[in-house]
Amino acid sequence: NGNAYTFGGCVASATTFGCSTYSQQVTKYSINGTTIGAGSTTNLTQLTAGTLDFPNAVMASAFYDGYVYLCGGANSNATGNGGPQTQKCIYNKLNSAGTITTAWSTTTGSLNQTIRRGAAYASNGYLYVYSGHNGQTGNSVADINIGKINPSTGDVASFSLSTTTFTAKWDT
């Protein structure tokens, strides 16, 4: 749609590992060739702080058929190198102006484990969430979660694991 988006994020303090401050900000940047416009939060429903299944940082993102998906990740409930991260995806519909004006929804289906710093891709009616880290020292994720996207609602009712895996690389 000619726009780039940023979703949430975190800031680490100089003396700690991991995030110390989480952002709920959703920002849109217009793109025209090599020109990138100033960021705007106007008419963009922001992320929710402090809800267990609602990521604010280190989540995977994918776009499909007018929807944006944010999967896995952490929020202000997460602690250091572990703690409560999420197995869920949240999603919302981008309208024709590239804005997001409705509340974020949580997918019905869950990933097979918590994941942060993963990746996501959507194609041919499916959402793929893969790789990353599960928030525990030494536990990189090699799994590929696959979920069928409901074209009417954008929801993903369930995820299954692919029989193919990636080589886990986060801790190697």
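To be clear, the structure that these remarks concern was listed above.
Here is a short report on the structure shown in this document. Keep in mind it's a predicted model, so treat the numbers as computed, not measured.

**Regarding the overall build of the chain**
Consideration 1: Helix and strand counts for the chain stand at 0 helices and 11 strands.
Consideration 2: Starting at the N terminus, the α and β elements of the chain follow one another as β-β-β-β-β-β-β-β-β-β-β.
Consideration 3: Looking at the chain as a whole, 38% of its 172 residues are labelled buried.
Consideration 4: Across the chain, contacts joining residues at least 24 apart in sequence account for 48% of those joining residues at least 6 apart.

**A closer look at the sheet that holds strand E2 (residues 21-32)**
Consideration 1: Ordered in space as E1-E2-E3, the 3 strands form an open sheet in which the pairing is antiparallel. Every interior strand has two partners, whereas the edge strands, strand E1 (3-11) and strand E3 (35-36), have only one.
Consideration 2: As judged from the 8 bridges shared by E1 and E2, these two strands associate in the antiparallel manner. Within E2, the residue paired with Val11 across the bridge is Thr21.

**Things to note about the environment of Thr165**
Consideration 1: Among the structural elements, Thr165 can be located in the segment after strand E11 (156-161).
Consideration 2: The partly exposed category is assigned to Thr165, whose relative accessible area is 47%.
Consideration 3: Taking the C-alpha atoms as reference, Thr165 lies 8.6 Å from Tyr130; in sequence the two are 35 residues apart.
Consideration 4: With sequence-adjacent residues up to four places away left out, Thr165 is seen in contact with Ala142, Asp143 and Ile144.

**Focus on unusual backbone geometry**
Consideration 1: Phi is positive for Asn124, close to 50 degrees, though the residue is something other than glycine.
Consideration 2: Mapped onto the elements, Asn124 comes out in the loop between strand E8 (119-123) and strand E9 (126-130).
Consideration 3: Relative accessible area serves as the criterion here: at 66%, Asn124 is assigned to the exposed category.
Consideration 4: Here the phi dihedral of Ser131 falls at roughly 60 degrees; this positive angle occurs in a residue that is not glycine.

**Observations concerning the pairing of E9**
Consideration 1: The two faces of E9 differ: Leu127 and Val129 on one face are buried, but Tyr126, Tyr128 and Tyr130 on the other face are not.
Consideration 2: With 5 bridges connecting them, E8 and E9 associate as antiparallel partners. Among the inter-strand pairings, Ala120 is bridged to a residue of E9, identified as Val129.
Consideration 3: Linkage of E8 to E9, two consecutive antiparallel strands, is achieved through a turn of 2 residues, within which Asn124 is found at a positive phi near 50 degrees.

**Description of the sheet that holds strand E5 (residues 67-71)**
Consideration 1: Strand order in the open sheet formed by 4 strands is E4-E5-E6-E7, and the pairing between neighbours is antiparallel. Edge positions in the open sheet fall to strand E4 (60-64) and strand E7 (105-106), since each of these has one partner strand only.
Consideration 2: With 2 bridges connecting them, strand E6 (residues 89-93) and E7 associate as antiparallel partners. Each bridged residue has a counterpart across the sheet, and for Tyr91 the counterpart in E7 is Ser105.

Scoring rules and cut-offs
Residues numbered from 1 in each chain as written. Predicted model: local features only at pLDDT ≥ 70, side-chain atom pairs only at ≥ 80, totals over all residues. Heavy atoms only, no water. Helix = DSSP H or I, 4+ residues; strand = E, 2+ residues; numbered from the N terminus. Buried < 20%, exposed > 50% of the residue type's maximum accessible area, 1.4 Å probe, protein only. Contact = heavy atoms within 4.5 Å. Pairing = 2+ DSSP bridges.

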